[in-house]
Amino acid sequence: MSQNALNFIHETNTQNDCLKIKVRIVRIWKQSFSLDMILMDEKGTIKAKLIHNFERFLAEGSIVVLSNFGVAENSGNYRIINHPCKLNFYHTTTVKKIEVFGGPVYGFGFVKFHDINNKKIGDEFAIDVIGGVVSCGNMDVYDRNGKEGKRINFEMQDLEGKVVNCTLWDNFAQELSTFVNANKNDGCVIIIIQFARVRLWKGIPTIQNGLFGSKLFINDNLKDIIDFKKRLISKSGDSSSQQFSQLSCQTIYSMRDEFLVHTKRMSVDEISEVRKELKCVVLGTIKSIKEEEGWYYLACRKCNCKAIPKSSIVDLEDMDGSDSNDVNDNTLFCRTCQSVVNSAVPRFKVVVRVQDGTVIYK
């Protein structure tokens, strides 16, 4: 097959279906009603909507020659690719796999953070971004209409020092959280989000992954990531590596899941055998409330331990260099901190007797 017999994506239009194109499949995803993918020829990209019959012939990263397809208008409020047309597959469409491809592997088209923050980038098309992670929040696991949802917020910085807000959802959030926790203090974390969306949150542009099509690269062995890291170090010196490191990320569950799903359950008799601090859930019946124990206590602000009145301490030594007799009787003292408590805070405390199938415990 000669190269002259092939067309390029930019030649597609709704007036001509008699085309044959050679493309790399950059991204592919399946929905309940269709199989969609993003195609890239040796000059550009386009989104194509496919029929299930072709799924077995298509794989992400493969190179194919397509012919006998339809060309339709690429309409809708959100279009991943900024191209006026999309390709529709017919039963007569042919797909032929080949090996030779002269174009790039991913065809990134990075946008500047300055343009994002100044709202020069709209949300009608997907974009590609690259940057170093300078701060990372915890991954929030929450209930979304009866299903588990995940979200993580972080900030990325480009080589010009511009910072953008980012939010990743679900599997993308889990991927970043897992990577950060497994590679703490290992230097720069460089991220590429391909086919990302720009959304406004309280008037501030935020980069997010899309529902479909987006792809995440974290410290991958890609030329763009390697070059970014080299330019970062060359521009800012080794100190930049420290600026982009020291990241940490915890998983924060909803109150229900944190309490009932992800916390160890123990019986009352097991509680009596505990010898170290832990978090657990006990299912039991409150038999009585020990009202004589009080409902709260005054706590030291430093350690939250109970602050004891000076008059209740039998052997109060010189705490601040002066004789203990000079200390006012209303003075509070923390035995944990071994110091006078100048400012205490009330902490609620309810002492109860609880019973389950094993024992009654106070």
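Refer to the structure above for everything that follows.
Residues numbered from 1 in each chain as written. Predicted model: local features only at pLDDT ≥ 70, side-chain atom pairs only at ≥ 80, totals over all residues. Heavy atoms only, no water.

### Some points on helix H2 (residues 171–182)
Part 1: Helix length check: H2 (twelve residues) gives 16 Å between terminal C-alpha atoms against 16 Å at 1.5 Å per residue, within 8%.
Part 2: Regarding H2, the residues found buried are Phe172, Ala173, Leu176, Ser177, Phe179 and Val180. Buried residues of H2 fall within an arc of 165 degrees about the axis and therefore sit on the same side. Opposite the buried face of H2, at more than 90 degrees from it, the exposed residues are Asn171 and Ala182. (Helix = DSSP H or I, 4+ residues; strand = E, 2+ residues; numbered from the N terminus. Expected span 1.5 Å × (residues − 1). Buried < 20%, exposed > 50% of the residue type's maximum accessible area, 1.4 Å probe, protein only. Arc of directions from axis to C-beta.)

### A look at a nonpolar patch on the surface
Part 1: Taken together, the side chains of Ile286, Ile289, Trp295, Tyr296, Leu298, Phe348 and Val350 define a hydrophobic patch exposed on the protein surface, amounting to about 790 Å² of accessible area.
Part 2: Mapped by element, the contributors of at least two residues to the nonpolar patch are strand E17 (285–289) and strand E18 (296–300).
Part 3: Within the secondary structure, Trp295 is located in the loop between E17 and E18.
Part 4: Given a relative accessible area of 45%, Trp295 falls into the partly exposed group. (Patch = residues over 30% accessible without salt bridge, like charges linked within 9 Å, V, L, I, M, F, W, Y side chains within 5 Å. Areas by Shrake-Rupley, 256 points an atom, 1.4 Å probe, with all protein chains shown as cover. Salt bridge = Lys/Arg side-chain N within 4 Å of Asp/Glu carboxyl O.)

### Side note on the side chain of Gln194
Part 1: Mapping Gln194 onto the fold places it in strand E11 (residues 190–201).
Part 2: Judged by relative accessible area, which is 0%, Gln194 ranks as buried.
Part 3: A polar contact is formed between the side chain of Gln194 and the backbone oxygen of Tyr106, at a distance of 3.1 Å.
Part 4: Those residues in contact with Gln194, other than ones at most four positions away along the chain, are Val26, Tyr106, Phe108, Ile127, Asp128, Gly213, Ser214, Lys215 and Phe217. (Polar contact = N/O pair within 3.5 Å; in protein donor to acceptor, adjacent residues only side chain to side chain. Contact = heavy atoms within 4.5 Å.)

### What about the side chain of Asn209?
Part 1: Along the chain, Asn209 turns up in strand E12 (residues 204–209).
Part 2: One polar contact links the side chain of Asn209 to the main-chain amide nitrogen of Trp169, over a distance of 2.8 Å.

### A look at unusual backbone geometry
Part 1: Unlike most non-glycine residues, Lys119 shows phi in positive territory, near 60 degrees.
Part 2: As for its position among the elements, Lys119 is in the loop between helix H1 (113–117) and strand E8 (127–144).
Part 3: Backbone geometry at Asn304 places phi at a positive 70 degrees, although glycine is not the residue there.
Part 4: Inspection of the secondary structure puts Asn304 in the loop between E18 and strand E19 (308–309).
Part 5: When its relative accessible area of 36% is taken as the criterion, Asn304 is described as partly exposed.

### Brief notes about the layout of surface pockets
A probe matching the size of a water molecule, rolled over the atoms, marks out where space remains unfilled.
Part 1: By volume, the largest pocket is sized at about 370 Å³.
Part 2: Taken together, 13 residues line the largest pocket, and the ones lying closest to its centre are Ile130, Asp158, Leu159, Phe228 and Arg231.
Part 3: Looking at the lining of the largest pocket, the element that brings in the most residues is helix H3 (residues 223–236), giving five residues.
Part 4: Across the lining of the largest pocket, the residue classes tally to six nonpolar, no polar and seven charged. (1 Å grid on protein atoms, 1.4 Å probe; cavity = no way out; pocket = protein on both sides within 12 Å on 5 of 7 lines; lining within 4 Å. Points joined across faces, edges and corners; volume = space filled by probe spheres on them. Nonpolar A, V, L, I, M, F, W, Y, C, P; charged D, E, K, R; others polar.)

### Things to note about the packing of aromatic side chains
Part 1: Summed over all chains, the structure comprises four aromatic pairs.
Part 2: Here the aromatic rings of Phe108 and Phe110 are separated by 5.2 Å at their centres, their planes lie at 20 degrees, and the arrangement is stacked.
Part 3: The class of Phe110 is partly exposed, set by a relative accessible area of 30%.
Part 4: Each ring, one from Phe108 and one from Phe217, has its centre 5.6 Å from the other, and the planes form 85 degrees; the classification is edge-to-face. Here the residue Phe108 occupies a position in the loop between strand E7 (94–98) and H1, and Phe217 occupies one in strand E13 (residues 215–218), the gap between them amounting to 109 residues. (Phe/Tyr/Trp six-rings, centres within 6.5 Å; stacked < 30°, edge-to-face > 60°.)

### A look at the environment of Phe69
Part 1: Among the secondary structure elements, Phe69 is positioned in the loop between strand E4 (63–67) and strand E5 (70–73).
Part 2: Distance in space between the C-alpha atoms of Phe69 and Ile21 is 10.0 Å, their sequence separation being 48 residues.

### Quick word on the nonpolar core
Part 1: Counting residues in each nonpolar core, the largest one holds 27 residues, and the members touching the most others are Phe154, Met156, Leu168, Leu176, Ile191 and Ile193.
Part 2: Looking at this core, the element that brings in the most residues is E8, giving six residues.
Part 3: Setting aside its immediate chain neighbours within four residues, Ile191 contacts Val129, Ile130, Gly131, Val133, Phe154, Met156, Leu176, Leu216, Phe217 and Ile218.
Part 4: Counting residues in hydrophobic clusters, the runner-up holds 16 residues, among them Val23, Met37, Leu39 and Leu66. (Core = buried A, V, L, I, M, F, W, Y, C linked by side-chain atoms within 4.5 Å.)

### Section: the sheet that holds strand E20 (residues 332–334)
Part 1: With respect to topology, three strands assemble into an open sheet ordered E19-E20-E21, the strand pairing being antiparallel. Looking at strand neighbours, the two that pair on one side only are E19 and strand E21 (339–341), the edges of this open sheet.
Part 2: By the bridge criterion, two bridges tie E19 to E20 in an arrangement that is antiparallel. Among the inter-strand pairings, Pro309 is bridged to a residue of E20, identified as Leu332. (Pairing = 2+ DSSP bridges.)

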